[in-house]
Amino acid sequence: MLKQRIITAAILIPIVIAVIFLLDTVWFSALFAVFVTIGAWEWAGLCKTSKKYQYLYSLITLLILVGLYSASNNSLYNSLILSGVVYWFIAVVLVFLYQKQHNFLPKSPLALLVIGQLLLIPMWVSLTVLKSFPGNGATLIMLLMALIWGADTAAYFVGKKWGKRRLANRVSPGKTWEGSIGGIVAGIAIALAYVIVSVEMLNDGIALIGLSFLTVSISIIGDLMESMVKREADIKDSGSILPGHGGVMDRIDSLTAAGPVFVFGIVHLGIGI
């Protein structure tokens, strides 16, 4: 399993980096929209809908993304990013209550489908906005990805080596406090390294490190949120398109939470822009 995960990651990571740095905003957003549409298909499956409704939900999601890009309305984009941030702080409460055996996750497939839009649309908008920043947009996206990948990798190995106390055993039995703390420390180290090597970020160093801490912390909630939905649906992986990793949603669950929070902080704190 680990070998398969490593092989898939070794293939995907260079492709993702190339897409981030080599494609312009239009093609980046279009390719990411396809990725999000696949995620929408998988999310509809987690909601226990029929294949017909999975197709319909995916199509609606894609049409929304096309409409949003065509509109290119900054006020609308900012509102959607804010809606994503607000939802994820509500999700913290949902996960906490679920762990305490108080399940407030909606039972209605329609309500869960709406939640899926709150996960996927603000994430796409966040990365599209970030990519459009002149000069350092691609670099900031790469930093966001490095925070998520670095934290996820550190959490896995620290948890495997030293993990003893379960973070949220009712939600995701494999996660530990030790692993999560290891992931957060790795995220802070990545942000610190970025500040050190980026002269233009020196004045915003403390703010960026603080934002990175929050981004990595909320990314853990993104992971737990999908785990909670999968547990309710009695499904192990959202899909099987990525060998060793499961589906697209299994790979972007952290990004659905981290993206809006990171970009909201970058824009409203004026970090590096």
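A. Focus on the nonpolar core. Among the nonpolar cores identified, the biggest contains 76 residues, and Trp-43 and Phe-262 are the most heavily contacted of them. Excluding residues within four positions of it along the chain, Trp-43 makes contact with Tyr-57, Leu-112, Leu-113, Ile-115, Gly-116, Leu-119, Glu-226, Val-229 and Met-249.

B. Region of the structure containing helix α8 (residues 205–233). Between its terminal C-alpha atoms α8 stretches 42 Å, which fits the 42 Å expected from 29 residues at 1.5 Å a residue. Phi turns positive one or two residues past the end of α8, at Asp-234, with a value near 60 degrees.

C. Region of the structure containing a nonpolar patch on the surface. Together, Phe-89, Val-92, Val-93, Ile-188, Phe-213 and Leu-214 line one region of the surface with nonpolar side chains, adding up to about 450 Å² of accessible area. Mapped by element, the contributors of at least two residues to the nonpolar patch are α4 (74–99) and α8. The greatest single-element share of the nonpolar patch, amounting to 3 residues, is contributed by α4. Tracing the sequence through the fold places Phe-213 in helix α8.

D. Representation of the packing of helix α7 (residues 177–197) against α8 in the model. One can describe the packing of α7 onto α8 by two numbers: an axis separation of 9 Å at closest approach and a directional angle of 150 degrees. Regarding the angle of α7 to α8, the classification is roughly antiparallel. Both α7 and α8 take part in a crossing whose hand is right-handed. Contacts from Ser-180, Gly-183, Ile-184, Gly-187, Ile-188, Ala-191, Leu-192, Tyr-194 and Val-195 in α7 reach Gly-205, Leu-208, Ile-209, Ser-212, Phe-213, Val-216, Ser-217 and Ile-220 in α8.

E. Highlighting the packing of aromatic side chains. All chains considered together, the criterion is met by 4 aromatic pairs. One cation-aromatic arrangement involves Lys-131 over Phe-28; the distance from NZ or CZ to the ring centre is 5.7 Å. The ring of Tyr-98 is capped by Arg-170, whose NZ or CZ atom sits 4.9 Å from the centre of that ring.

F. A look at the packing of helix α6 (residues 137–162) against helix α9 (residues 248–269). It is at 10 Å that the axes of α6 and α9 come closest, and there the two elements cross at 135 degrees. With respect to α9, the axis of α6 lies oblique. Along this stretch, α6 crosses α9, giving a crossing that reads as right-handed. Where α6 approaches α9, its residues Leu-140, Leu-143, Leu-144, Met-145, Leu-147, Ile-148 and Asp-152 are matched on the opposing element by Arg-251, Ser-254, Leu-255, Ala-258, Gly-259, Phe-262 and Ile-266.

G. Region of the structure containing the pattern of salt bridges. Per the counting criterion, the structure on display carries 5 salt bridges. Here Asp-250 makes a salt bridge to Lys-230, at a shortest N to O gap of 2.8 Å. Here the residue Asp-250 occupies a position in helix α9, and Lys-230 occupies one in helix α8, the gap between them amounting to 20 residues. A relative accessible area of 6% places Asp-250 in the buried class. Judged by relative accessible area, Lys-230 falls into the buried class, the value being 11%.

H. Representation of the side chain of Thr-256 in the model. Mapping Thr-256 onto the fold places it in helix α9. Look at Thr-256 and you get buried, because its relative accessible area is 0%. With residues up to four places along the chain from it excluded, the contact list for Thr-256 reads Trp-88, Leu-119 and Met-123.

Thresholds applied
Residues numbered from 1 in each chain as written. Predicted model: local features only at pLDDT ≥ 70, side-chain atom pairs only at ≥ 80, totals over all residues. Heavy atoms only, no water. Core = buried A, V, L, I, M, F, W, Y, C linked by side-chain atoms within 4.5 Å. Buried < 20%, exposed > 50% of the residue type's maximum accessible area, 1.4 Å probe, protein only. Contact = heavy atoms within 4.5 Å. Helix = DSSP H or I, 4+ residues; strand = E, 2+ residues; numbered from the N terminus. Expected span 1.5 Å × (residues − 1). Patch = residues over 30% accessible without salt bridge, like charges linked within 9 Å, V, L, I, M, F, W, Y side chains within 5 Å. Areas by Shrake-Rupley, 256 points an atom, 1.4 Å probe, with all protein chains shown as cover. Salt bridge = Lys/Arg side-chain N within 4 Å of Asp/Glu carboxyl O. Axes fitted to C-alpha atoms, helices over the stretch in contact; angles between N-to-C directions. Parallel < 35°, antiparallel > 145°, perpendicular 65-115°, else oblique. Left-handed = near helix turned anticlockwise from the far one by under 90°. Phe/Tyr/Trp six-rings, centres within 6.5 Å; stacked < 30°, edge-to-face > 60°. Lys NZ or Arg CZ within 6 Å of the ring centre and 35° of its normal.

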